[in-house]
Amino acid sequence: MKDYPLIDYTEKYNSIMVFDKNRDVFVHRWYPFVEGYSKEFIEEIIQELPYPPKCAMEPFCGSGTTPVELQNHNIKCYSFEVSPFMHLLAKVKLEQTYDESTFKYYRNKIANSLLNPLQDIRTKESIPFGHTVVYKTGMRKWNFHDTSLDGILDIRHAIRMEIDDEKYKKLFTIALASIILQSSNMFRNGKCLSYKKKWETRIYSRTDIHKLFFTKLDCVIAEDIKIISSKPTLVNNMNICYLGDVRKNIEKVPDNSLDLIITSPPYLNSRDYTDIYMLELKVLELVNSYEALRSLRKSTLRSHVQIKYSELKPINNSRLEKCLSDMRSSKTKSWNTGILNMICGYFEDMETLFSAFKKKMRVGGVIYLNVANSAYFGVEVPVDYIIGDIAEKYGFCVREIRKARDIKASPQQSKMIGKLRESVLVIDKR
Ligand SMILES: C[S@@+](CC[C@H](N)C(=O)[O-])C[C@H]1O[C@@H](n2cnc3c(N)ncnc32)[C@H](O)[C@@H]1O
């Protein structure tokens, strides 16, 4: 087993590997994403490169931190995102041709139409699919109180009816997306959505929901639109931000074209992004049936257990084989095929990616890959080292693994394992 230099970068990276740093930052503040890194991470990378990169790629675009920041530095960046919600969010943030007066014009049109909301809004706008969206007799829990959902439907209807320019329709839809969770009875609780404390009695009126929407537009988005309107850009990464599974779509990138990849793939932590962003996907009508949801989940990287696969064989890697064998003999809990399959599928997907990266990157290119280790059945999976091995198998050279910070393992695992390393692999194409 090859050893790679493990360098302590916690002082530098500890605070910048989290999206929260973007909370008040130009454009990134339009939607409070959780699973991303900050723009400072991208800036640090640009500063340490010996030459300015010409062409980059982000295979797991998420909220668009990488392509947006590279665009701000006039660096071309291909990106891919499987979730129609994140993809919409990234495209809206990458759009550079908004102008202040058109923005105000549509904002006021919507405000006028919301002065007299329709009493029968549900005959004009369909309720999101699913059993638990609003209260029905006999239910114990539901996602939205009726007035909240009606307030949201009012806004969705106004966007549909009052805005005839697709670009602004999408922009206002993201403003709506940014208040959906707050308007609901749920909160994001790590891997899933849970019910807020005292949700039964916290009830917003329809007008409260409209106010939340206008506060977001007037206090956050309007200010940034003013800056965008006056700022010319040389590079446009919006038209090369693709919707779909990167494993299937990476062919859109020309061979030998990339000199930089910056990314953070889903971690091997059973987190399903379709679950966490379910309310946005449903309310914005981006996923309209259980069948469509299943098909979306099938296109995601195999980092969760929502889709069952027939038994998979592990890739040829001694570190991985040792983990799997330790898990099988673990006394903590009888091992579970779903989890072992997920682990095997995850590294198989990593191999698929590195085989494609090899074709797409030119010699001298560099990859910065942010990932964290995982633990199951009392066994730690050194995800960073295994990805390092995969990179080397495909002809790359792992320059170093930078320890970024320690993150909490799940409550069951933390007693046995303690903290898990989050790291950034720096990998050179030779
Ligand atoms: C950790 S997040 C990336 C966050 C991003 N760096 C940011 O700052 O916003 C991983 C993303 O990968 C996406 N994803 C999962 N499977 C994918 C696939 N097969 N192809 C493309 N994107 C995928 C998820 O939907 C999620 O948005």
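Structure's up top.
Numbering of residues starts from 1 in each chain and follows the order in which that chain's sequence is written. Confidence filtering applies because this is a predicted model: local features only for residues at pLDDT of at least 70, side-chain atom pairs given and counted only at 80 or more, and all residues used for totals across whole chains, interfaces and linings. With hydrogens and water set aside, each side-chain value is computed from the structure's full complement of heavy atoms.

Enquirer: Let's hear about the overall build of the protein: which residues, and what values?
Expert: Across its full length, the protein carries 17 helices and 12 strands. The C-alpha atoms of the protein give a radius of gyration of 23 Å, which matches the 22 Å a tight globule of 430 residues would have. With the C-alpha coordinates aligned to their principal axes, the bounding extent of the protein is approximately 70 × 55 × 35 Å. Each residue gets one of three labels from its accessible area relative to the maximum for its type: buried under 20%, exposed over 50%, partly exposed in between, using a 1.4 Å probe on protein chains only. Counting all 430 residues of the protein, 57% fall into the buried class. Summarising the internal contacts of the protein: among those between residues at least 6 apart in sequence, 78% fall at separations of at least 24. Summing over all exposed atoms, the protein offers an accessible surface of approximately 18,900 Å²; the carbon and sulfur share of this is 51%. Here the protein holds 65 positive side-chain charges and 53 negative ones, and the gap between their average locations is 3 Å. Each helix is a run of H or I in the DSSP string that is no shorter than four residues. Each strand is a run of E no shorter than two, and both are numbered from the N terminus. Atoms counted for the radius of gyration: C-alpha only. Globule rule: 2.2 Å times the number of residues to the power 0.38. Throughout, a residue-residue contact means that at least one pair of heavy atoms, one from each residue, lies within 4.5 Å. All accessible areas in this document rest on Shrake-Rupley with a 1.4 Å probe, and a residue is counted as covered only by the protein chains that are shown. In this tally, Asp and Glu contribute negative charge and Lys and Arg positive charge; neither His nor the terminal groups of the chain are included. Each charge is placed at NZ for Lys, CZ for Arg, CG for Asp and CD for Glu.

Enquirer: Give me the lowdown on unusual backbone geometry, citing residues and values where you can.
Expert: If you check the backbone angles, asparagine 74 has positive phi at about 60 degrees while not being a glycine. Asparagine 74 sits in the partly exposed class, given a relative accessible area of 36%. Even without a glycine there, the phi angle at asparagine 256 is positive, about 55 degrees. Along the chain, asparagine 256 falls in the loop between α10 (246–249) and β7 (258–263). Relative accessible area serves as the criterion here: at 51%, asparagine 256 is assigned to the exposed category.

Enquirer: Describe the site of the ligand, listing the residues and the values that go with them.
Expert: If even one non-hydrogen atom of a residue comes within 4 Å of a molecule or strand, that residue is called near it. Taken together, 24 residues lie around the ligand, and Ser63, Thr65, Glu81, Asp245 and Val246 are the ones closest in. One of the side-chain nitrogen or oxygen atoms of serine 63 is found 2.7 Å away from an oxygen atom of the ligand. Following the grouping adopted for this structure description, the nonpolar residues are Ala, Val, Leu, Ile, Met, Phe, Trp, Tyr, Cys and Pro, the charged ones are Asp, Glu, Lys and Arg, and the polar ones are all others, Gly among them. Taken together, the residues that form the shell around the ligand break down as 11 nonpolar, nine polar and four charged. In the analysis that follows, any N or O atom pair within 3.5 Å is treated as a polar contact, provided that within protein one partner can donate a hydrogen and the other can accept it, and provided that, for residues neighboring in sequence, both atoms belong to side chains.

Enquirer: Any chance you could break down the nonpolar core for me, citing the residues and the numbers?
Expert: Counting 60 residues, the largest nonpolar core has Trp30, Phe172 and Phe213 as its most contacted members. Looking at this core, the elements that each hand over two or more residues are α4 (84–94), α5 (100–113), α7 (146–162), α8 (166–183), α9 (206–229), α12 (278–283) and α13 (290–298). An automatic or database domain assignment is the source of the domain bounds shown. Looking at which domains feed residues into this core, each of domain 1 (6–84 + 235–270 + 305–429) and domain 2 (100–229) gives three or more. Contact partners of phenylalanine 213, with chain neighbours within four places excluded, come to Ile110, Ile155, Ile159, Phe172, Ala175, Leu176 and Ile179. To qualify as a nonpolar core, a set must consist of buried Ala, Val, Leu, Ile, Met, Phe, Trp, Tyr and Cys residues joined through side-chain atoms within 4.5 Å. Counting residues in hydrophobic clusters, the runner-up holds 57 residues, among them Tyr4, Ala356, Ile387 and Leu425.

Enquirer: Residues and numbers for the layout of surface pockets, please.
Expert: Site definitions follow a grid-based scheme: protein atoms alone, a 1 Å grid, a 1.4 Å probe that fits but cannot get out for cavities, and for pockets an open set with protein on both sides within 12 Å along at least five of seven lines, plus lining residues having an atom within 4 Å of a point. Grid points are joined across faces, edges and corners, and a volume is the space filled by probe spheres set on the points. Considered as a void within the structure, the second largest pocket measures approximately 370 Å³ in volume. Lining the second largest pocket are 16 residues, with Leu88, Lys169, Lys170, Thr173 and Leu284 sitting closest to its centre. Looking at the lining of the second largest pocket residue by residue, the classes come out as seven nonpolar, two polar and seven charged.

Enquirer: Mind laying out empty space enclosed by the protein, listing which residues take part and the relevant values?
Expert: According to the stated counting rule, one finds one cavity of 30 Å³ or more in the structure shown. The wall of the largest cavity is formed by Phe26, Val27, Val68, Asn72, Lys93, Gln96 and Lys231. Of the residues assigned to the lining of the largest cavity, the class counts are three nonpolar, two polar and two charged.

Enquirer: Please provide a residue-by-residue account of the packing of α8 against α9, values included.
Expert: To get an axis, fit a line to the C-alpha atoms, keeping to the stretch in contact for a helix; angles then go from 0 to 180 degrees between the N-to-C directions. For the pair α8 and α9, the least separation of the axes is 9 Å and the interaxial angle reads 130 degrees. By the angle class used here, α8 and α9 are oblique. Relative to α9, α8 is oriented so that their crossing is right-handed. Contacts between α8 and α9 involve Leu171, Phe172, Ala175, Leu176, Ser178, Ile179, Gln182 and Ser183 from the first element and Ile209, Leu212, Phe213, Lys216, Leu217, Ile221 and Ile225 from the second. Should an angle fall under 35 degrees it is taken as roughly parallel, and over 145 as roughly antiparallel, whereas 65 to 115 is taken as roughly perpendicular and any remaining angle as oblique. Here is the rule for handedness: rotate from the far helix to the near one, and if that takes an anticlockwise turn smaller than a right angle the crossing is left-handed, while a clockwise turn gives right-handed.

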